[in-house]
Amino acid sequence: MRAAYERLTSILSDPDECGMSALDCIYEIMENEVQRRDSNALARRLKEAKICLPNARPDTIDFSIERGLDKNKIDALLTMRWMEEHQNIIITGAAGCGKTFLACALVNQACIKGRTARVVRVPLLLNQMAASHQIETYFKKLKEMKTIDLLVLDDWGIGQLDARSRQDLLEIINERYMYASTIVTSVLPVNKWSEYINDTTYSDAILDRLVSVSHRVELNGASVRQMKEYGAVLKE
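For every chain, the first residue of the written sequence is number 1, and numbering continues from 1 onward in sequence order. A pLDDT threshold of at least 70 governs which residues receive local features in this predicted model, and a stricter bar of 80 or more applies before side-chain atom pairs are shown or counted, although totals over entire chains, interfaces and linings include all residues. Excluding hydrogens and water, the side-chain figures rest on all heavy atoms present in the structure.

In an α-helix there are 3.6 residues to a turn, and that puts residues three or four apart on one side. Of all the positions in helix α7 (residues 138-147), only Y138, K141, L142 and M145 are classed as buried. The buried side chains of α7 occupy one side of the element, clustering within an arc of 100 degrees when seen end-on. Turned more than 90 degrees off the buried face of α7, the exposed positions are F139, K140 and K143. Contacts are residue-level and defined by heavy atoms, with any inter-residue pair within 4.5 Å sufficient. Each helix is a run of DSSP H or I of at least 4 residues and each strand a run of E of at least 2, with the numbering of both proceeding from the N terminus. Lining the buried residues of α7 we find β2 (117-121), α6 (122-134), β3 (150-156) and α8 (163-176). Think of it in three bands: with a 1.4 Å probe and only protein chains considered, a residue is buried below 20% of the maximum accessible area for its type, exposed above 50%, and partly exposed in between. It is the directions from the helix axis to the C-beta atoms whose arc is reported.

With that out of the way, let us pick up the sheet that holds strand β4 (residues 181-186). Remark on secondary structure: sheet strands pair via backbone hydrogen bonds, oriented parallel or antiparallel. The pairing criterion is simple: DSSP has to find at least two bridges between the two strands. Strand order in this open sheet of five strands is β2-β3-β4-β1-β5, and the pairing throughout is parallel. Looking at the sheet topology across the chains shown, the edges are occupied by β2 and β5 (214-218). Each neighbouring strand pair of the sheet contributes to a mean axis angle of 15 degrees, computed without reference to strand direction. In this structure, strand β1 (residues 88-92) lies alongside β5, joined through five bridges in parallel fashion. Each residue of the ladder has a partner; that of N88, found in β5, is S214. Angles run from 0 to 180 degrees between N-to-C directions of axes, and those axes are lines fitted to C-alpha atoms, restricted for helices to the stretch in contact.

When the sulfur atoms of two cysteines come within 2.5 Å, that pair is taken as a disulfide. For the coordinates displayed, the defined rule picks out zero disulfides. Sulfur of C52: no disulfide; nearest cysteine sulfur belongs to C104 and is 3.8 Å away. A relative accessible area of 44% means that C52 is categorised as partly exposed.

Shown next, in the form of structure tokens:
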């Protein structure tokens, strides 16, 4: 605000300097200040989101690749109206088909819309939750996960959950249920998630809270990472 104050002082002392009326000059200064603050706030939200693919934006989603990506459906999701209803998105498909990229593009859009977001790999998150039990910061970590407007659980389904991980995952999803939105990316189809959770009771509780209020995006086709235009080194 200091720069705006200095500019305002200058204009008030010599209104003819900017070629506008004093009121118009003041309006312009305040408008620029608002834009500067909005820009700084967006930069802060994007940084805190920890987007692992910074170039993943709505305008960089490639619909030319044959992988079952419905442009109309994605355009509808990019309006972010589903977040107003605290709904979720589940993105499934083989490795390399662009699940994380799509999730990050949606996170980018959420940040632009003024929402907080965070991208985290499920194995890392569960390790962090396990560590929080040891240093007695579990409830603080759980509250942090609840207050994020859009949480991306990337790499869901890697390995198999133990008792502690099942409990932590249920608590996170339960805290966010009908309160905030979650995006899950997984190589496992949803009908295999019960095997990943590895407990009927926990599976029913987790899937009921997560899947029942989710939009589904199912990708297929070859790995984008194997394509030359996306950086792959082809064998000669």
